[in-house]
Amino acid sequence: LADKYYDMIEDRVSDVGVSVRKKVVTVLHECLRNANFAHARQTIKLLAFRILDEDEGIRSHIVRIFRELWFSPLARGGGRRRRRLDGDDDNHAAADNGHDDNDDDD
């Protein structure tokens, strides 16, 4: 559902109303928790720019979102496959680093 309305949600992140911006940040946070969210990379960029918001509550909320994304057990690979910010999963990340998780050459 968020994919269908993403453009409208994205437009509201710059709304003049603080309560509207707070709600949009909360909605985008929930969307980022979904590993299949198609606009994850774009959303992260959008939130990164909103870290300069005039409202302290919004800035704090965005900092909490990034802490969760970067430092939570799920973000560190805590037992489940995670989505990288560029949309690739962990297996692609291992291949990009020249590592193969199935390499038995030890």
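Residues numbered from 1 in each chain as written. Predicted model: local features only at pLDDT ≥ 70, side-chain atom pairs only at ≥ 80, totals over all residues. Heavy atoms only, no water.

Colleague: Would you explain helix H2 (residues 18-32) in this entry?
Modeller: Over its 15 residues, H2 extends 21 Å from the first C-alpha to the last, a length consistent with the 21 Å expected when each residue adds 1.5 Å. Those residues of H2 that fall on the buried side of the exposure criterion are Arg 21, Val 24, Val 25, Leu 28, His 29, Cys 31 and Leu 32. Down the axis of H2, the smallest arc covering the buried residues is 160°, so these residues share one side. Away from the buried face of H2 by more than 90 degrees, exposed residues Ser 19 and Lys 23 are located. For H2, the elements touching its buried residues are helix H1 (6-12), helix H3 (40-50) and helix H4 (56-71). (Helix = DSSP H or I, 4+ residues; strand = E, 2+ residues; numbered from the N terminus. Expected span 1.5 Å × (residues − 1). Buried < 20%, exposed > 50% of the residue type's maximum accessible area, 1.4 Å probe, protein only. Arc of directions from axis to C-beta. Contact = heavy atoms within 4.5 Å.)

Colleague: Even after reading the chapter, I still don't get the packing of H3 against H4, so can you show me in this structure?
Modeller: Two numbers describe how H3 lies on H4: the axes approach to 9 Å, and their chain directions differ by 140°. Taken together, H3 and H4 sit at an angle that is classed as oblique. Here the hand of the crossing between H3 and H4 comes out left-handed. Here Ile 44, Leu 47, Ala 48 and Arg 50 of H3 lie close against H4, whose contacting residues are Ile 58, Ile 62, Ile 65, Phe 66 and Leu 69. Class assignment of the residues belonging to the contact of H3 with H4 gives a composition of eight nonpolar, no polar and one charged. (Axes fitted to C-alpha atoms, helices over the stretch in contact; angles between N-to-C directions. Parallel < 35°, antiparallel > 145°, perpendicular 65-115°, else oblique. Left-handed = near helix turned anticlockwise from the far one by under 90°. Nonpolar A, V, L, I, M, F, W, Y, C, P; charged D, E, K, R; others polar.)

Colleague: What should I look at first to understand the environment of Ser 19 in this one?
Modeller: Relative to the assigned elements, Ser 19 resides in helix H2. Along the chain, Ser 19 and Ile 58 lie 39 residues apart, while their C-alpha atoms are 9.3 Å from each other.

Colleague: Would you take a moment to explain the confidence of the model for the protein chain for this structure?
Modeller: When pLDDT is low, close inspection of the predicted coordinates is not appropriate. Per-chain confidence: the protein chain averages 78 in pLDDT, with 67% of residues scoring 70 or above. The model gives residues 78-84 a pLDDT under 50, and that stretch makes 22 contacts with residues more than four places away or in other chains. Here residues 86-106 is a poorly scored stretch, pLDDT under 50, and it has 16 contacts once near neighbours within four places are set aside; other chains count. (pLDDT = per-residue confidence, 0-100.)

Colleague: I would appreciate a short explanation of the pattern of salt bridges in the present structure.
Modeller: Should the charged atoms of two oppositely charged side chains come close, the side chains can pair. Tallied over the entire structure, the rule returns eight salt bridges. A salt bridge links Asp 53 to Arg 21; the nearest nitrogen and oxygen atoms lie 2.8 Å apart. Residue Asp 53 is located in the loop between H3 and H4, and its partner Arg 21 is located in helix H2; the two are separated by 32 residues in the primary sequence. Here Asp 53 and Arg 21 have matching classes, each one buried. (Salt bridge = Lys/Arg side-chain N within 4 Å of Asp/Glu carboxyl O.)

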